[in-house]
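Now for the letters of each chain:
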Number of protein chains: 2
Amino acid sequence: MAITKKKAPRRTAKKQSAPARKRVRLAPTDRSDQILKGAISFFAKHGFGGQTRELAVELGISKGLLYRYFPSKDDLIDRIYDEMFVRRWKPEWDAILVDRSVPLLARLKRFYLDYAQMLHDYEWVRIYLYSGLDGASIAQRFAKLVTERIYKPIIGELRHEFGLPGLDKQPMTEPETELMWALHGGLFYIGIRKWVYRVNTPRDVAGTVTRAVERIYADAQELMRADQIRRRSPSP
Amino acid sequence: MAITKKKAPRRTAKKQSAPARKRVRLAPTDRSDQILKGAISFFAKHGFGGQTRELAVELGISKGLLYRYFPSKDDLIDRIYDEMFVRRWKPEWDAILVDRSVPLLARLKRFYLDYAQMLHDYEWVRIYLYSGLDGASIAQRFAKLVTERIYKPIIGELRHEFGLPGLDKQPMTEPETELMWALHGGLFYIGIRKWVYRVNTPRDVAGTVTRAVERIYADAQELMRADQIRRRSPSP
DNA sequence: ACAGATAATGAGCATATGCTCAATAAAAAA
DNA sequence: TTTTTTATTGAGCATATGCTCATTATCTGT
């Protein structure tokens, strides 16, 4: 929040440098990785308004070194986005969801139990929120990615399960989309409770996720049954 | 994010003051209200890291005037919290939920259709998030308030509806609490989609809210039926 | 051991930012 | 109209903050 804190007057000293910490030399790749990890943890806590000076202190390095590996704060932040939203997407997810050798409900549980791991991740939850609030385009893109790569296949599979025409015949309806968003919102909120508002979260997260998935499965069934009936008897 | 922007060099001019805007004198109450409202809108957009200078410009007043009514930025922010989280709680909500002259499902719909109005409020959604991320204690208190004043009465009424012992006999169970959180999370996520990630939101919010309420009503029924059966046949 | 290459440091620059206060002008009182 | 009161202004202060660069120290190859 950058509130001015009344502090000791500006140091008028000449050159009373600190006890000169021992230098540690790392390979550029290692140092770069270390900075990136530290930055993720730091900005997750303080938001992107956190100061690079403090970050350097936390990392135990000089501010100059920070700028050797990341030309600017914005560059560093972009790398963080990439790390959080692009690299953390597991390619196998796409396959799990449409693997019809496994019953759909089991697939959904398997997928969401894995996907929901992100909710336990302080950094992921908070950075996702901060980036969205900052209007970072990548956060919006991630939200859209979820629609394309998760909602769409799942609704497709649910329709197949419950005997409705595929998405190629009939685009996703609003109630279908909203069913998925409600699930994701309910799940993401677990992370928000845990890492933002710090109110009590379920002891049994896996159970909660499982129940949530079972609910939308049942809700989808009901939604689609109704749709199936409507489809059989053309409207007046 | 306070990134350094390369700008024109520091003005070395003497006193080339601007065209001297016409002064408008307001009653202290009016001015204070005006500043508060403007600040809410401003900080909702930029986060609490936004500068008071810019806020003053947006309000069309001098920065000095800001500090006449709010001694510090932190004071201003505290007033915003009060305005958003304390004053916006409608006392009638408590009554609606337990008014047994109305069928429970109808009560729930009525309440949530009103409560969910906050989701359409750019300021409320974003400030609630920013304050939580900042670790403001009031945000945590609000989350707890929701548990006490919404979840508890609703679970109490649902138990009554489905023939289970009241909360005085048996505290809220985790699945019950989670059911409520899932509902609120799902609803709040509508606001997050709209005001944070800017992805498409339902055309028919009222319908979405109604459906979400119907779902938890049905889910609660199922949850509590199962509980009722377990209760009748004591465990081994 | 020595030299060359380069990772690391931190004083310092330029601007950003919360906040103060003496001066000013609009309204109210006389 | 004149005087008094007080809402309003904006230059300016002190510190905060992103970033640079000359200097220094560590590692590697010979």
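Remember, predicted model here, so these are calculated numbers, not experimental data.

The rules behind the values
Along each chain, the written sequence defines residue order, and numbers are assigned to residues from 1. To label them, take the chains in the order written and letter them from A, then take the ligands in the order written and number them from 1. Only residues with pLDDT of 70 or above have their local features reported here, since the model is predicted, and side-chain atom pairs are shown and tallied only from 80 upward, although totals for entire chains, interfaces and linings are computed over all residues. Working from all heavy atoms in the structure, the side-chain values ignore hydrogens and water. Throughout, a residue-residue contact means that at least one pair of heavy atoms, one from each residue, lies within 4.5 Å. A quick way to say it: buried area is the sum, across both parts, of accessible area lost when two parts are put together, with a 1.4 Å probe. Each salt bridge in this description consists of a side-chain nitrogen of Lys or Arg and a carboxyl oxygen of Asp or Glu lying within 4 Å of one another. Whenever a helix is involved, its axis is fitted only over the stretch in contact; in every case the axis is a line through C-alpha atoms, and angles between N-to-C directions fall within 0 to 180 degrees. A helix here means a DSSP run of H or I that spans at least four residues, while a strand means a run of E at least two residues long, and both kinds are numbered starting from the N terminus. We call two directions roughly parallel when the angle between them is under 35 degrees, roughly antiparallel when it is over 145, roughly perpendicular when it lies between 65 and 115, and oblique otherwise. An expected span of 1.5 Å times one less than the residue number is assigned to each helix. Relative accessibility decides the category of a residue: with a 1.4 Å probe and only protein chains considered, values under 20% of the type maximum give buried, values over 50% give exposed, and everything between is partly exposed. Each polar contact in these results corresponds to two N or O atoms within 3.5 Å; when the atoms are within protein, one needs to be able to donate a hydrogen and the other to accept it, and residues that are neighboring in sequence are counted only if both atoms are side-chain atoms. By definition, the arc is the one covered by directions from the helix axis to the C-beta atoms. The fit set for superposing copies consists of C-alpha atoms from residues with pLDDT of at least 70 in both; the fit itself is least squares. Each nonpolar core is a collection of buried residues, namely Ala, Val, Leu, Ile, Met, Phe, Trp, Tyr and Cys, held together in the definition by side-chain atoms within 4.5 Å. Centres within 6.5 Å are what make two rings of Phe, Tyr or Trp a pair, Trp counting through its six-membered ring; a difference in plane orientation under 30 degrees is then read as stacked, over 60 as edge-to-face, and the rest as tilted.

Draft legend 1. The arrangement of the interface of chain A and chain B in detail. Residue-level contacts link 41 residues of chain A with 41 residues of chain B. Surface buried jointly by chain A and chain B totals about 4100 Å² across both partners, of which 62% is contributed by carbon and sulfur atoms. Applying the counting rule to chain A against chain B returns six salt bridges. Salt-bridge contacts for Glu 178 of chain B lead to Arg 193 of chain A; the nearest nitrogen and oxygen are separated by 2.8 Å.

Draft legend 2. Fine view of the packing of helix α1 (residues 28-46) of chain B against helix α4 (residues 73-86) of chain B. Residues and elements named next belong to chain B. In contact at an axis separation of 10 Å, α1 and α4 are set at 90° when each is read in the N-to-C sense. Overall, the two elements α1 and α4 adopt an arrangement that is roughly perpendicular. Contact residues: Ile 35, Leu 36, Ala 39, Ile 40 and Phe 43 in α1; Lys 73, Leu 76, Arg 79, Ile 80, Glu 83 and Met 84 in α4.

Draft legend 3. Structural detail: helix α7 (residues 122-133) of chain A. Here α7 of chain A contains twelve residues, and its C-alpha end-to-end distance of 17 Å stays within 8% of the 16 Å for a straight helix at 1.5 Å per residue. In terms of burial, α7 of chain A is a largely internal element, eleven of the twelve residues being buried. In this structure, the buried side of α7 of chain A is in contact with α1 (28-46), α4 (73-86), α8 (137-161) and α9 (174-197) of chain A together with α7 (122-133) and α9 (174-197) of chain B. N-capping of α7 of chain A is provided by Asp 121 of chain A, with a side-chain oxygen placed 3.0 Å from the backbone N of Glu 123 of chain A. Gly 135 of chain A sits one or two residues past α7 of chain A and shows a positive phi near 80°.

Draft legend 4. Region of the structure containing α4 of chain B. Residues and elements named next belong to chain B. Taking 1.5 Å per residue as the helical rise, α4 with its 14 residues ought to reach 20 Å, and the 19 Å between its terminal C-alpha atoms agrees with that figure. If you check which residues of α4 are buried, you get Lys 73, Leu 76, Ile 77, Ile 80, Tyr 81, Met 84 and Phe 85. Along α4, the residues classed as buried sweep out an arc of 145° about the axis, all on the same side. In the core, the buried residues of α4 are packed alongside α1, α2 (52-59), α3 (63-69), α7 and α8 (137-161).

Draft legend 5. Examining the relation of the copies chain A and chain B more closely. Here chain A sits on chain B after a turn of 180° about the axis and a move of 0.0 Å along it, with an RMSD of 0.0 Å. Viewed as a symmetry operation, the transformation between the two copies matches a two-fold axis. In this assembly the copies share their binding face: 100% of the residues contributing to the interface of chain A also contribute to that of chain B.

Draft legend 6. Broad picture of the environment of Pro 28 of chain B. Structurally, Pro 28 of chain B can be placed in helix α1. Between the C-alpha atoms of Pro 28 of chain B and Arg 68 of chain B, which are 40 residues apart in sequence, the distance is 9.7 Å.

Draft legend 7. Inspection of the side chain of Asp 219 of chain B at higher detail. With respect to the helices and strands, Asp 219 of chain B occurs in helix α10 (residues 205-232). When residues no more than four places from it in sequence are discounted, the contact partners of Asp 219 of chain B are Arg 215 and Asp 219 of chain A together with Leu 179 of chain B.

Draft legend 8. Here's a closer look at the nonpolar core. Tyr 112, Tyr 128 and Ile 150 of chain A together with Tyr 112 and Ile 150 of chain B are the most contacted members of the largest nonpolar core, which has 148 residues in total. Among residues more than four places away in sequence, those in contact with Tyr 112 of chain B are Ile 150, Ile 154, Met 180, Leu 183, His 184, Leu 187, Val 209 and Val 213 of chain B.

Draft legend 9. Quick look at the packing of aromatic side chains. All names here are of chain A. Applying the stated criterion to the full structure yields 52 aromatic pairs over all chains. Ring centres of Trp 93 and Tyr 115 lie 5.4 Å apart, and the angle between their planes is 70°; this geometry places the pair in the edge-to-face category. Here Trp 93 is found in helix α5 (residues 91-98), whereas its partner Tyr 115 is found in helix α6 (residues 104-115), with 22 residues between them in sequence. Assigned by exposure class, Trp 93 and Tyr 115 land together as buried.

Draft legend 10. Looking closely at the pattern of salt bridges. On inspection of all chains with the given rule, the structure shows 28 salt bridges over all chains. With a closest N to O distance of 2.4 Å, Asp 121 of chain B and Arg 88 of chain B form a salt bridge. With a gap of 33 residues between them, Asp 121 of chain B in the loop between α6 (104-115) and α7 and Arg 88 of chain B in the loop between α4 and α5 (91-98) connect regions that are remote in the sequence. Salt bridges linked by common partners bring Arg 79, Asp 82, Glu 83 and Arg 87 of chain A together as one network.

Draft legend 11. Layout of the environment of Ile 35 of chain A. Structurally, Ile 35 of chain A can be placed in helix α1. As for Ile 35 of chain A and Pro 91 of chain A, which are separated by 56 residues in sequence, their C-alpha atoms are 26 Å apart.

Draft legend 12. Up close: unusual backbone geometry. All names here are of chain A. In the Ramachandran plot, Arg 198 falls in the positive-phi region, its phi being about 55° despite a non-glycine side chain. With respect to the secondary-structure elements, Arg 198 resides in the loop between α9 and α10 (205-232). The exposure class of Arg 198 is partly exposed, given its relative accessible area of 43%.

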